[in-house]
Amino acid sequence: MTRTPGPARHRPPLPVRDGLNPTRIVLPHDAATVVRFPYALDYLLDRFADDADRLREKAALGEVVTGHGEPVEPTTPYEPRGFLYLYRDPPAHETPIPFQPEVLHRDDDLLVVDKPHFLATMPRGRWVRETVLVRLRTALDLPELSPAHRLDRGTAGVLVLTVRPEVRGAYQEAFARRAVHKVYEAVAPLPVGGDVAPGRPRTVRSRIVKRRGVTRAEEVPGEPNAESVVTLVAADEARGLGLYRLEPRTGKTHQLRLHMASLGLPILHDPFWPELRATDPDDFDRPLQLLARSLELTDPLTGRVRRFESRRTLTGWTGRTPPAGRNEPHPSDDQVNRAT
């Protein structure tokens, strides 16, 4: 069934600039803050005291505005629950990432790319310009481009972005309700007995949480909220490595990496498992051996089944690669429940 795009979401009063959205700041409504700051700019200068001089410059240039699009001046009243918008300065220096996303498909609604390792999906933390989103917005002159989902910075492969705000919600909803079938490939050690046998799908379920300020997600006791299907599809006995097909049924942060590590099969060159090496500089010769191989969904606007496949290969795998296939786990699949 064809679905008509919904209305566009509220757009910020400042346009995308140099590939970057303006930052939105919500003004608190608690009584103490409201009494303390009669003017919006005073609140902003207090909250970001280390950047006060730069904020004054931005305000003088008219680059700090209210949610109504009016420039913030020294006497602009503080509006509880109101919004302020401004452009934050990107980091003075970002390590150049010497790899480019490759376009797999483009139409009026979607841009599908083959993301390289090391390039973040969108601005976050110390990565701003060196991201898929900012690079493509600038290179293709698509200021409204937005990811429909995310891939970890270390993961390569199929990434779907929406071109128009009017269709963004429909595609993001498809990912949110798990209506998208994703297949990943990974290189990891061969199993020594235990939970994974060649050619036999293994369903892993656990409860995964990602705490603010903590680098790695973790498995904790409780009701499972993450599920992955792991299949060993090829073995390189001489090197002690296997090629695995991974099918996430959910989309928790670090899910596949954590589930593989919990099976005693950490993905090759993973800086997070089995030991955290997050502070090490990137080694472009040793990318994480995890690839989003394919993605399939029923298009929420047209009802057509669409499938996109990566053209990339995992450099850590030198053995024979079997034909790509879709795994359909069934009730007789072996199951592993972790941290329960």
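What you see is a predicted model; the values in this text were computed from it and never measured.

A. Expanded view of the packing of aromatic side chains. Counted by the stated rule, this structure contains 7 aromatic pairs. Centre to centre, the rings of Phe 99 and Phe 118 are 6.1 Å apart; their planes meet at 20°, and the pair counts as stacked. Pair noted here: Phe 99 is in the loop between β3 (83-86) and β4 (102-106) and Phe 118 is in the loop between β5 (110-115) and α4 (132-140), with a separation of 19 residues, a long-range link. According to the relative accessible area criterion, Phe 118 is buried, its value standing at 9%. The interplanar angle of 90° and the centroid separation of 5.5 Å between the aromatic rings of Phe 99 and Phe 284 together place this pair among those described as edge-to-face. One end of the pair, Phe 99, is in the loop between β3 and β4; the other, Phe 284, is in the loop between α6 (255-262) and β13 (290-298), and 185 residues separate them in sequence.

B. Looking closely at α4. Considered for burial, the residues of α4 that qualify are Val 132, Leu 133, Val 134, Arg 135, Leu 136 and Arg 137. Where α4 is buried, its residues touch β5, β6 (146-147) and β7 (156-162). Just downstream of α4 lies Asp 141, where phi reads positive at about 55°.

C. Molecular detail of the confidence of the model for the protein chain. Chain-level pLDDT for the protein chain is 89 on average; 90% of the residues reach the 70-or-more range. Low confidence marks residues 1-8, where pLDDT is under 50. Its contacts with residues over four positions away, or in another chain, come to 15 contacts. The low-confidence segment residues 325-332 (pLDDT under 50) makes 13 contacts with residues lying over four places distant or belonging to another chain.

D. Fine view of the pattern of salt bridges. Scanning the entire structure with this criterion turns up 24 salt bridges. Its salt-bridge partner being Asp 46, residue Arg 36 comes within 3.2 Å of it at the nearest N-O pair. Of this pair, Arg 36 sits in helix α1 (residues 31-36) while Asp 46 sits in helix α2 (residues 40-47), placing them 10 residues apart in sequence. Take Asp 46: its relative accessible area is 35%, and that puts it in the partly exposed class. Measuring nitrogen to oxygen at the nearest pair gives 2.8 Å for the salt bridge that ties Glu 227 to Arg 205. On the criterion of sequence distance, the pair formed by Glu 227 in strand β11 (residues 226-236) and Arg 205 in strand β9 (residues 202-209) is long-range, its members being 22 residues apart. When salt bridges with common partners are traced through the structure, they connect Arg 54, Glu 57, Lys 58 and Asp 89 into a single cluster.

E. Summary view of unusual backbone geometry. Here the bond from Trp 273 into Pro 274 is cis, since omega is 0°, no more than 30 degrees from zero. Counting through the fold element by element, Pro 274 comes out in the loop between α6 and β13. The phi angle at Asp 18 is positive, at roughly 55°, despite the residue not being glycine. Relative to the elements of secondary structure, Asp 18 occurs in the segment before β1 (23-26). Relative accessible area serves as the criterion here: at 63%, Asp 18 is assigned to the exposed category. One non-glycine residue, His 254, lies in positive phi territory at about 65°.

F. Layout of the pairing of strand β14 (residues 305-309). Burial of the side chains of β14 is restricted to one face: Arg 306 and Phe 308 are buried, whereas none of Val 305, Arg 307 and Glu 309 on the reverse face is. As defined by bridge partners, β13 adjoins β14 across 5 bridges and the pair is classed as antiparallel. Along β14, the bridge assignment pairs Ser 294 with Glu 309. The loop that links β13 with its antiparallel partner β14 comprises 6 residues; one of these, Gly 303, has a positive phi angle of about 80°.

The rules behind the values
Residues numbered from 1 in each chain as written. Predicted model: local features only at pLDDT ≥ 70, side-chain atom pairs only at ≥ 80, totals over all residues. Heavy atoms only, no water. Phe/Tyr/Trp six-rings, centres within 6.5 Å; stacked < 30°, edge-to-face > 60°. Helix = DSSP H or I, 4+ residues; strand = E, 2+ residues; numbered from the N terminus. Buried < 20%, exposed > 50% of the residue type's maximum accessible area, 1.4 Å probe, protein only. Contact = heavy atoms within 4.5 Å. pLDDT = per-residue confidence, 0-100. Salt bridge = Lys/Arg side-chain N within 4 Å of Asp/Glu carboxyl O. Pairing = 2+ DSSP bridges.

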